[in-house]
Amino acid sequence: MDFVPHDNKTITEMLGVIGVADLKELFQDIPKELIKEKLNLPPGLSESDLFSHMQEISSKNIIYSSSFLGAGCYYHYIPSLVNFVISRSEFYTSYTPYQAEASQGYLQAIYEYQTIISRLTQMDITNASMYDGSTALAEAAIMATLITNKKSIVMLEGIHPEYIEVVKTYCWGQNISVDITTEDKLLDQLNEDCAGFLFQSPNFFGDIEDISKLVKKIREKAPNCLIIQVMTDPTCLGVIKPPGVTDIDIFVAEGQSFGLSPSFGGPGLGIFTAKKKYIRKIPGRLIGKTKEIDGSREGFILTLQAREQHIRREKASSNICTNQALCALAALVYLLSMGRTGLKEIATQNFQKAHYLKSKIEKIPGYSILNSKPTYNEFLVKCPNIDSLIYQCKQQKLLPPLKISKYYPQMKNIALVCVTEMNSKDSIEAFLQATQVALNKRREVGE
Amino acid sequence: MKSNITLIFEKCIDEELNNYSPKMDVDVDDIKEIVPDFLLRKELPIPNVPEIEIVRHFINLSHKNYGVDTGIYPLGSCTMKYNPKISEIVERLPNFSQVHPLQDENLGSIELLYKTSKLLGEITGMEGFSLQPAAGAHGELAGLLIMKKYFEYKGIKKDKIIVPDSAHGTNPASAKMAGFSIIELKSNEKGEVPLEHLKYVMQEGDVAGIMLTNPNTFGIFDRHIKEITQIVHDNGGLCYYDGANLNPILGICRPGDMGFDIVHLNLHKTFATPHGGGGPGSGPIGVTNELSSFLPEPCIISIKNGLVCKESNDKSIGRIKAFWGNFGVIVRAYAYILALGADGLKRVGQMAVLNANYLRVLLQKKYYLPFKRLCQHEFVISDKNMANNITTEDIAKRILDFGVYAPTIYFPLVIQGALMVEPTETEPKRSLDNFIDIMEKIYEEAQSNPEVLRNSPHNTPIKRLDAVLAARKPVLHD
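The sections below set out a description of the structure shown in this document. In this text, all values refer to a predicted model and were calculated from it rather than measured experimentally. (Residues numbered from 1 in each chain as written. Chains lettered and ligands numbered in written order. Predicted model: local features only at pLDDT ≥ 70, side-chain atom pairs only at ≥ 80, totals over all residues.)

1. Some words on the nonpolar core
Alright, step 1. Counting residues in hydrophobic clusters, the biggest one holds 297 residues, and the most contacted among them are Ala141, Leu198 and Leu329 of chain A.
Alright, step 2. Residue contributions to this core peak at 22 residues, all from helix α11 (residues 327-363) of chain B.
Alright, step 3. Beyond its immediate stretch of four places on either side in the chain, Ala141 of chain A contacts Ile153, Val167, Tyr170, Cys171, Gly196, Leu198 and Ile228 of chain A. (Core = buried A, V, L, I, M, F, W, Y, C linked by C-beta atoms within 7 Å. Buried ≥ 20, exposed ≤ 12 C-beta atoms within 10 Å, placed from the backbone. Helix = DSSP H or I, 4+ residues; strand = E, 2+ residues; numbered from the N terminus. Contact = placed C-beta atoms within 7 Å.)

2. Regarding the packing of helix α8 (residues 195-202) of chain B against helix α9 (residues 225-234) of chain B
Residues and elements named next belong to chain B.
Alright, step 1. One way to put it is that α8 packs onto α9 with a least axis distance of 9 Å and a crossing angle of 15°. When the axes of α8 and α9 are compared, the pair comes out roughly parallel. The handedness of the crossing between α8 and α9 is right-handed. The segment α8 lies against α9, with Leu195, Leu198, Lys199 and Met202 engaging Glu227, Ile228, Ile231 and Val232.
Alright, step 2. Grouping the constituent residues of the contact of α8 with α9 by class yields 6 nonpolar, no polar and 2 charged. (Axes fitted to C-alpha atoms, helices over the stretch in contact; angles between N-to-C directions. Parallel < 35°, antiparallel > 145°, perpendicular 65-115°, else oblique. Left-handed = near helix turned anticlockwise from the far one by under 90°. Nonpolar A, V, L, I, M, F, W, Y, C, P; charged D, E, K, R; others polar.)

3. Quick word on helix α9 (residues 211-221) of chain A
Residue and element names in this part refer to chain A.
Alright, step 1. For α9, the full list of buried residues reads Ile211, Leu214, Val215 and Ile218. Buried positions in α9, seen along its axis, are confined to an arc of 95° and lie on one side of it. The exposed residues of α9 that point more than 90 degrees off its buried face are Lys213 and Glu220.
Alright, step 2. At its buried positions, α9 is contacted by β5 (196-200) and β6 (226-231). (Arc of directions from axis to C-beta.)

4. Comments concerning the sheet that holds strand β12 (residues 418-421) of chain B
Residues and elements named next belong to chain B.
Alright, step 1. Ordered in space as β10-β12-β11, the 3 strands form an open sheet in which the pairing is antiparallel. This sheet does not close on itself; its edge strands, each paired only once, are β10 (379-382) and β11 (408-409).
Alright, step 2. Summarising the sheet, β10 and β12 pair through 4 bridges and their orientation is antiparallel. Directly across from Val380, in β12, lies its bridge partner Met420. (Pairing = 2+ DSSP bridges.)

Shown next, in the form of structure tokens:
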């Protein structure tokens, strides 16, 4: 099938208006030797055949009845309103609202997104979105170097390992040095040349940092260094202290938890917020409220575009153009649907259910919890045999936790377990049973 | 005075609404027993809004927004074509949408990524592909980092890059992010790359290569494209293809055959995935065989026992995004390519060019056309012929009054008062004729009633907004 609305008669008529004999003549500027007679691709499919094919290929994936895997991508309940709103084609088939007067709907929605994220995080300003959490963090690091005119970044261990890689890639592009440090060595690493200090909380291993303490320590040692926090599951903000009250300069997060399906890791949502004084250095689009030129009514418009690539070209603060607008709209509808009460409730449930499983696992001989700090919905479990646990989880139709040696080969037999409000009591019991069986099987084979 | 705007926050109620979270089914400790007091937040200023209010709010906002499903969206270089509805359905199949990026049993997703890479390889004439980049500009960054890594690996210092003055703004911005300094090349009077000047610049020795979109932003296919890539290669440089304008040459010719080494595509333009109001997009990059090992991590490769994911290699530029790229967007593009097949894709190129030339020929009767020649997917007209100093902005705002969207304005920067028009292949002739009627009417109005243009738009929910005020006193949230 194709989506061309012309019949042959129309095509002939249009060719006549243009004054060419046939379609080939339209391509006369293209050197003959470059013309491709036919691509080596299969013939087109009808919609029904296409649907069958897509179903067949998707069926090679397995989905589970319940998940214990997080590590940067989470299963949370998505209210039906989210899909309902983002399926309105006035939104999803539109483009960046350059013509404000014909785009007031989307502009207002993104303004409301900026507002709700600023309220949730208590940060002064929020942009209209970045690609995802990892690129938002990388752009935050670059932004810190633009503000301070320094070329060195320090990252605290515990940032999502894939995010660390992305920051390194971006920084290598601009000859910015990147060091990764531990809490003990932190003060040795920080100095006057440091543009930004990056940390994650709750971190990749589940630990929630005492941010006020951390910030105080850094400000004393390197007062000009920007402090940048990243978060991979911001649903915790329903309960825990927002970054804006702890003197964070830039706060970024992966917003997939706010109403987006896991979808094999994308599209997600890069949440990007900062202190007001950095407003002219922030990357990406911003929506502002203004007034009519000759009137008194208020409206919304893309603003401070002088920071952006289509005006400033190589002097822009970032190259970003297309962002994740529809995902920002989804996040807005998610946060509104849940509301204050729902957000607090699910953050509480994540804390409580994870805590429940933690306390049960601790009682099973051979297993132990490795976190010494408070945790949200993820924590580290030392297992007698992780492969056996993973196998038993799959037997129970549970998506197993992350084998953390995927990223840290030296951390053997350690699982990063995630529990959200989606894990019913039954699924938690099934997981506990899997841990028990994994233990017994190990004894049977005499390991 | 009461504002004309009602934000969603004003529609909240005091009731403790909790309609969506599951019922707590585990006996647990109070949250205060689990979380230390110093970690708890004091207040959560998020409104509780009844469902009916949320629904009506967004439906009413949608009425104040314009999409491809509303009518013609002739934004040049944005390729606002129709988005097939089947793509929305297949992207939401649970066995795609519910798959975790780190789970083991992911063969369907991996196979789809691999097959999409192969299809894009055939379409562009490139050997290796990465689907990691999340948008066009992200693909540009990845592609330029490959260039940087390649020269670093070869031990050659090349830190400058040529960008023509007609390039998309993302090109110089991306080049800067990859650590290159920019040499701007002025297009010649035909709208093409000046070969002699290119030769002269390339001979400097420290130039890594050129970033080019072909057809360019004037909608002109550069007839000397083979010579251009030859000159760059002869001087040890690499050629980067900005795929933003690939649509008109789909199935007609391929960047790989033109001599390009690195190509990025915009799946949300050429391959009909929705623009979503500015995203999510997807910006895959394709490279020659020689550059394949520099692609971002991870890469999917085919081996005897099936497909495997290769996490890292020494030459790779590293990760540019967490996980696997914008998978949901890639699913839609894959479905689109399969739906159209070889013949359908060729028809896309042909009809995109037919529609653009039809508009060009009829609009140039009244409007100034800087390059009087056949165009490809788009063309540029300007406000030069307009009576009473009517500007491009006036024209654009007046277009909105007739219930259609305006072209890209004031771009490319090198054409004063540019209006860049790209109708795409999915626009019916009826709709093109309507657009021409509107443009002719506006041309007449410039002579007979210029005030109606200067004060436009009149029929939109709001009149022309004060951009200066918005930037001088930024209000970014309530």
